[in-house]
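The lines below spell out each chain.
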Amino acid sequence: MNYNPNARQVRVGIEEKLSRHFGCTPSEASRDQMYKAAAMTVKEILTEKRGQFKKKVNRTASKRVYYMCMEFLLGRSLKTNLCNLGLQEQYRKALADMGFALDELYECEPDAGLGNGGLGRLAACFMDSLSSLDYPATGFSICYDYGLFKQMIVDGMQIELPDVWLPGGEVWLVPRTDRIYKVRFGGKVKENWKDRHLEILYEGGEEMEAVPYDMMISGADSDAVSQLRLWRARSTQNFNMGLFSQGQYTRALEESNNAEILTKVLYPSDNHAEGKILRLSQQYFLVSASCQSIIRDHMAVYGNLDNLPDKVAIHINDTHPAMCVPELMRILIDDYHFAWEKAWDIVTRTVSYTNHTVMPEALETWDEDIFALRLPRIHQILKEINERFCREAWQFYPGNWDRISAMSVIAYGRIRMANLSVIASHTVNGVSKLHSDILKDTVFKDFYRMYPDRFTNVTNGIAHRRWLVYSNPELASLLDECIGQDYRKEPEKLADFKKFADDKAVLERLAEIKLHNKERFAAHFYRKTGKTLDTASLFDVQIKRLHEYKRQLLNALHAIGLYLDLKENPNLDVQPQTFIFGAKAAPGYEMAKRIIKLLCMIEKDIESQPRIREKLHLVFLEDYNVSTAELLIPAAEISEQISMAGKEASGTGCMKLMINGALTIGTLDGANVEMQAAAGAENMFIFGLTAAEVQELWAKGYNSALYYTSNERLAHIVNFLHTGFASESFGDIAQYLLSAPGVADPYMCLADFESYRQAHAEALAAYADKERWNRMSLCNIAAAGYFAADRSIKEYADRIWKLKRLTGIK
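One structure accompanies this document, and this report is about it. (Residues numbered from 1 in each chain as written. Predicted model: local features only at pLDDT ≥ 70, side-chain atom pairs only at ≥ 80, totals over all residues. Heavy atoms only, no water.)

With respect to the nonpolar core
Phase 1: One finds Ile-14, Phe-497, Phe-521 and Trp-801 to be the most contacted residues of the largest nonpolar core, which totals 209 residues.
Phase 2: The contacts of Trp-801, once residues within four sequence positions are left out, are Lys-63, Val-65, Tyr-67, Leu-130, Ala-313, His-315, Ser-352, Ile-793 and Tyr-796.
Phase 3: Core analysis: the second largest hydrophobic core is formed by 73 residues, Cys-600, Leu-689, Ala-734 and Tyr-747 among them. (Core = buried A, V, L, I, M, F, W, Y, C linked by side-chain atoms within 4.5 Å. Buried < 20%, exposed > 50% of the residue type's maximum accessible area, 1.4 Å probe, protein only. Contact = heavy atoms within 4.5 Å.)

Right under this line is the structure:
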């Protein structure tokens, strides 16, 4: 097959798809039909490339990695695939000849609803790099009918609507009905010794079928195409015609509906028992189907499982897929009759684990009674893992039952997935240097003492081609002129751009490019909302999940201070600023939703006061997603990375903003620490308490009221929350900051406020000196190469997975 068709061949391929699938010609086709036909031709190229690469992997007996994650936040695929394949201009010309604009077809594609935030976006970036670097890789997740949710803002309140992505997104999926596996839930387990091995018998319960849908993930200028296998649940029961004939339509469809519920929604609310059971079932469904698929593919090539660790790396991205450990044990012991010790040796040399949080409440646990009822055999295996580990821990910590209890997989009626992941993995990594140190010093310190060689760090990275080259083509063109195109495959070569830090012509080009990107985003925002943005204002951007520890509230308090300044004196001579927020709050997270409402009411209040609006604007972007990010990030000038130190594992939005020339206002948290080391402290605006200082302040006893009473400006801001915005009081947030039950201001917004305000003042002073600002921006771009996913993936492949690249191998 021709992987590099010219425009005429592209047109022929699209015309064939239109005729076969839609029964129309280009002149009769709708824009949606044309998008789908174009996507089908791209998918055909990727599927063929994938088949050829898989043959090479099998022929060379190469080790491959299987990357398990509950979410992959892919965004749109057509543009990325065409750019990676180097076919964008051929398709642009072919479509233009047929009367269609490629950029308009891009808008037909919905964002794939398979992810939530940083975890899913990281997984997507990693799949891109795995393909681009020619590593053999498969991702596993669930084919959710609906994504997290579509966010609608009504009177400042977040309303969750279904995120319907499949009608436009399914064109990228390849159903594999030849690879269906069965997954069992509930019932009772009986053990029977037969022919000198243990036979497991099941009574009752239910079975579901896991049907795979494959999505091809392209690489840039590479032979490899990675495969993302998404599982959809369906019932194993035949349609009950008898009940249907009796008019009992609901009961006739009950089995089918129960199965399909499993893969309906990403992260269903779990503030009730049914939601917890559904989440548990989703996670087991994912790992059971994936492990069966891995074993089947391995046996087809090698015929035995003794060499599984030599040929397979299984990586669990956060704890959601941690049940792959007992599931692999189940398959090896129950289906292949391995002895426990041999099976455990195979599993622990195959599995590795990335931790993504230091927050104890985010370390996943399950109620043991629910777990035992839903997954009885897996519960049995976990009890055995736990008992054997506790005996081992007793040898290391003799007599220290409290410590061993804290380290155990099962204790006090809870099953702890993070402990399981550490115990069963040959390598455990954090995602920034600070985060990995915190894991070793606090969260997993007792495990670290037992297994010091098991812990390492791999700092996160981003798909720099997507977030720089494809999303910011003007900046990419400037880089091409200055340093050539090698940085596209070797991101560390971005460092060569620093040679131009004193080149006034280059600095002026940077300013022009930023303005053009601001104008591009403002035009997009106007099309979406009918509202205008002042592109002469400074664009200050905070885009991340709405969570208290990420401190959108601290940003809001600063904006309120500026609002009050202008309310008192509208004639103040100040740099106009636009504060842009993009965030979704978890459906059951009331405080996060309340902060969204505060932001929206501030926006509404400012809109009603034109004189203030000239110098201060606040925008909350409804339903922020990857496609919006691709326009906003190149336009951003200030990047808000302001989590309380010690809480953010890494962050990747900070890296996308950095590589596009935004300057960071941030705490020494997550990847900010390494970004500062790379770019230089003089090119960032660091503020606030360090992680060590936060811990010290907690130990002394944090009293937010002391900061309130000692800072007149801060007191004025907090007091004004009672008055509120757009006729709504936010006295509850003032109470949260000063006198909430338990601990007031749990993420120390008031403690860091004055330092944060000073950092903003420093940033505005730098912004007033355009040459200095543009030089700082250039230095950030030049330092961003380290934070590319290509570097991260090479570290995983070399140090953890032991993979070899297949570049150039025939």
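Some points on helix H3 (residues 78–85)
Phase 1: In terms of residue burial, H3 counts as a mostly covered element, since seven of its eight residues are buried.
Phase 2: Among the residues of H3, those classed as buried are Leu-78, Thr-80, Asn-81, Leu-82, Cys-83, Asn-84 and Leu-85.
Phase 3: Packed against the buried residues of H3 are helix H2 (31–59), helix H4 (88–97), helix H5 (102–106), helix H6 (118–132), strand S9 (206–218) and helix H21 (464–470).
Phase 4: Phi turns positive one or two residues past the end of H3, at Gly-86, with a value near 70°. (Helix = DSSP H or I, 4+ residues; strand = E, 2+ residues; numbered from the N terminus.)

A look at the packing of aromatic side chains
Phase 1: Enumeration over the complete set of coordinates arrives at 26 aromatic pairs.
Phase 2: Pairing Tyr-67 with Trp-801 gives two aromatic rings, centres 6.4 Å apart and planes at 80°, and the pair type is edge-to-face. Of this pair, Tyr-67 sits in strand S1 (residues 64–68) while Trp-801 sits in helix H36 (residues 789–801), and the two are 734 residues apart along the sequence. Assigned by exposure class, Tyr-67 and Trp-801 land together as buried.
Phase 3: Seen in terms of ring centroids, Phe-521 and Phe-525 are 6.3 Å apart; in terms of plane orientation they differ by 25°. Their pairing is stacked. One end of the pair, Phe-521, and the other, Phe-525, are both in helix H23 (residues 504–529), four residues apart, so they sit about a helical turn from each other.
Phase 4: Linked through ring pairs, Tyr-67, Phe-72, Phe-126, Tyr-796 and Trp-801 together constitute an aromatic cluster. (Phe/Tyr/Trp six-rings, centres within 6.5 Å; stacked < 30°, edge-to-face > 60°.)

Focus: the pattern of salt bridges
Phase 1: Within the structure shown, the criterion is met by 57 salt bridges.
Phase 2: Its salt-bridge partner being Arg-377, residue Asp-334 comes within 2.7 Å of it at the nearest N-O pair. With a gap of 43 residues between them, Asp-334 in helix H13 (residues 324–335) and Arg-377 in helix H16 (residues 376–396) connect regions that are remote in the sequence. Summarising the burial analysis for this pair, Asp-334 and Arg-377 share the class buried.
Phase 3: Look at the salt bridges and you will find they share partners, linking Arg-176, Asp-178, Arg-179, Asp-214 and Arg-229 into a network. (Salt bridge = Lys/Arg side-chain N within 4 Å of Asp/Glu carboxyl O.)

Some remarks on the pairing of strand S6 (residues 181–185)
Phase 1: Side chains Tyr-181, Val-183 and Phe-185 project from S6 onto a buried face, and the interleaved Lys-182 and Arg-184 project onto a face without burial.
Phase 2: Bridge analysis of S6 against S9 gives five bridges, and the strand direction is antiparallel. Bridging from a neighbouring strand, Phe-185 pairs with Glu-206 of S9. (Pairing = 2+ DSSP bridges.)

Describing a nonpolar patch on the surface
Phase 1: Nonpolar side chains collect at one region of the surface, where Met-152, Val-154, Met-157, Ile-159 and Leu-161 lie side by side and expose about 360 Å² of accessible area between them.
Phase 2: Residue assignment for the nonpolar patch shows that the elements contributing at least two residues are strand S3 (150–154) and strand S4 (157–161).
Phase 3: The element contributing the most residues to the nonpolar patch is S4, with three residues.
Phase 4: In this structure, Val-154 sits in strand S3. (Patch = residues over 30% accessible without salt bridge, like charges linked within 9 Å, V, L, I, M, F, W, Y side chains within 5 Å. Areas by Shrake-Rupley, 256 points an atom, 1.4 Å probe, with all protein chains shown as cover.)

Describing the environment of Ala-289
Phase 1: Within the fold, Ala-289 resides in helix H11 (residues 273–302).
Phase 2: On the basis of relative accessible area, Ala-289 is assigned to the buried category, the value being 0%.
Phase 3: Note: C-alpha distance between Ala-289 and Arg-449 (160 residues apart in sequence) is 35 Å.
Phase 4: In contact with Ala-289, other than residues within four places in its own chain, are Tyr-181, Val-183, Ala-210 and Trp-231.

A few points about the sheet that holds strand S13 (residues 365–367)
Phase 1: Reading across the sheet, the three strands line up as S13-S15-S14 and stay open at both edges, with antiparallel pairing between neighbours. Because the sheet does not close on itself, it has two edges, and the strands there are S13 and strand S14 (410–411).
Phase 2: Pairing between S14 and strand S15 (residues 414–416): two bridges, direction antiparallel. Counterpart to Ala-411 in the pairing with S15 is Arg-414.
Phase 3: Relative to S15, helix H18 (residues 417–424) is tilted by about 40°, and along the sheet it contacts S13 and S15. (Axes fitted to C-alpha atoms, helices over the stretch in contact; angles between N-to-C directions.)

Some remarks on H23
Phase 1: Spanning 26 residues, H23 covers 37 Å between terminal C-alpha atoms, matching the ideal 38 Å at 1.5 Å per step.
Phase 2: Those residues of H23 that fall on the buried side of the exposure criterion are Val-506, Leu-507, Leu-510, Ile-513, Lys-514, Asn-517, Lys-518, Phe-521, Ala-522, His-524 and Phe-525.
Phase 3: The backbone nitrogen of Ala-505 has a side-chain oxygen 3.1 Å away, supplied by the residue at the start of H23, namely Asp-503. (Expected span 1.5 Å × (residues − 1). Polar contact = N/O pair within 3.5 Å; in protein donor to acceptor, adjacent residues only side chain to side chain.)

Details of the sheet that holds strand S20 (residues 616–621)
Phase 1: On the basis of which strands lie adjacent, the open sheet formed by six strands has the order S20-S19-S18-S21-S22-S23 and parallel pairing. Of all strands in the sheet, those with a lone pairing partner are S20 and strand S23 (685–686), marking the two edges.
Phase 2: Here strand S22 (residues 663–666) runs beside S23; their pairing, made up of two bridges, is parallel. If you follow Gly-666 over to S23, its bridge partner there is Ile-686.
Phase 3: In this fold H23 packs onto strand S18 (538–543), strand S19 (577–582) and S20, with an angle of close to 65° to the strand it touches most, S20.
Phase 4: The strands touched by helix H24 (residues 552–568) are S18, S19, S20 and strand S21 (638–641); relative to S19, the strand with the most contacts, the crossing angle is about 150°.

As for unusual backbone geometry
Phase 1: Phi is positive for Asp-221, close to 50°, though the residue is something other than glycine.
Phase 2: Within the element layout of this structure, Asp-221 appears in the loop between S9 and strand S10 (225–235).
Phase 3: On the basis of relative accessible area, Asp-221 is assigned to the exposed category, the value being 66%.
Phase 4: Even without a glycine there, the phi angle at Ser-727 is positive, about 70°.
Phase 5: Relative to the helices and strands, Ser-727 is located in the loop between helix H32 (712–723) and helix H33 (731–738).

Details of the side chain of Arg-121
Phase 1: Here Arg-121 shows up in helix H6.
Phase 2: No salt bridge forms around the buried Arg-121; measuring N to O, its nearest opposite-charge neighbour Glu-630 is 6.4 Å away.
Phase 3: A polar contact of 2.7 Å, which involves the side chain of Arg-121, links it to the backbone oxygen of Leu-73.
Phase 4: Sequence-distant contacts of Arg-121, defined by excluding residues within four places in its chain, comprise Leu-73, Leu-74, Gly-75, Arg-466, Trp-467, Val-626 and Lys-656. (Lys, Arg positive; Asp, Glu negative; His and termini not counted.)

A few points about the packing of H2 against H3
Phase 1: Their axes nearest at 11 Å, the elements H2 and H3 cross at an angle of 50°. When the interaxial angle is binned, H2 and H3 end up oblique. Crossing of H2 over H3 shows left-handed handedness. Here Tyr-35, Ala-39, Val-42, Ile-45, Leu-46 and Lys-49 of H2 come into contact with H3, specifically with Leu-78, Asn-81, Leu-82 and Leu-85.
Phase 2: Considering only residue class, the contact of H2 with H3 consists of eight nonpolar, one polar and one charged. (Parallel < 35°, antiparallel > 145°, perpendicular 65-115°, else oblique. Left-handed = near helix turned anticlockwise from the far one by under 90°. Nonpolar A, V, L, I, M, F, W, Y, C, P; charged D, E, K, R; others polar.)

Considering the environment of Val-428
Phase 1: Here Val-428 lies in strand S16 (residues 428–430).
Phase 2: Apart from the residues within four sequence positions on either side, Val-428 is in contact with Tyr-353, Val-422, Arg-454, Phe-455 and Thr-456.

A closer look at the packing of H13 against helix H14 (residues 340–348)
Two measures define how a pair of helices packs: the angle their axes make with one another and the distance between the axes.
Phase 1: Direction vectors running N to C along H13 and H14 enclose 135°, while the axes themselves pass 9 Å from each other. The angle between the axes of H13 and H14 places the two elements in the oblique class. For the pair H13 and H14, the crossing hand works out as right-handed. Of the residues in H14, those in contact with Val-325, Leu-328, Met-329, Leu-332 and Ile-333 of H13 are Trp-340, Ala-343, Trp-344, Ile-346 and Val-347.
Phase 2: Considered class by class, the residues forming the contact of H13 with H14 number ten nonpolar, no polar and no charged.

Thoughts on the environment of Gln-292
Phase 1: Looking at the secondary structure, you find Gln-292 in helix H11.
Phase 2: Separated by 39 residues in sequence, Gln-292 and Ile-331 have C-alpha atoms that sit 7.9 Å apart.
Phase 3: With residues up to four places along the chain from it excluded, the contact list for Gln-292 reads Tyr-181, Lys-182, Val-183, Glu-327 and Ile-331.
Phase 4: For Gln-292, the side chain forms a polar contact with the main-chain oxygen of Lys-182, separated by 2.9 Å.

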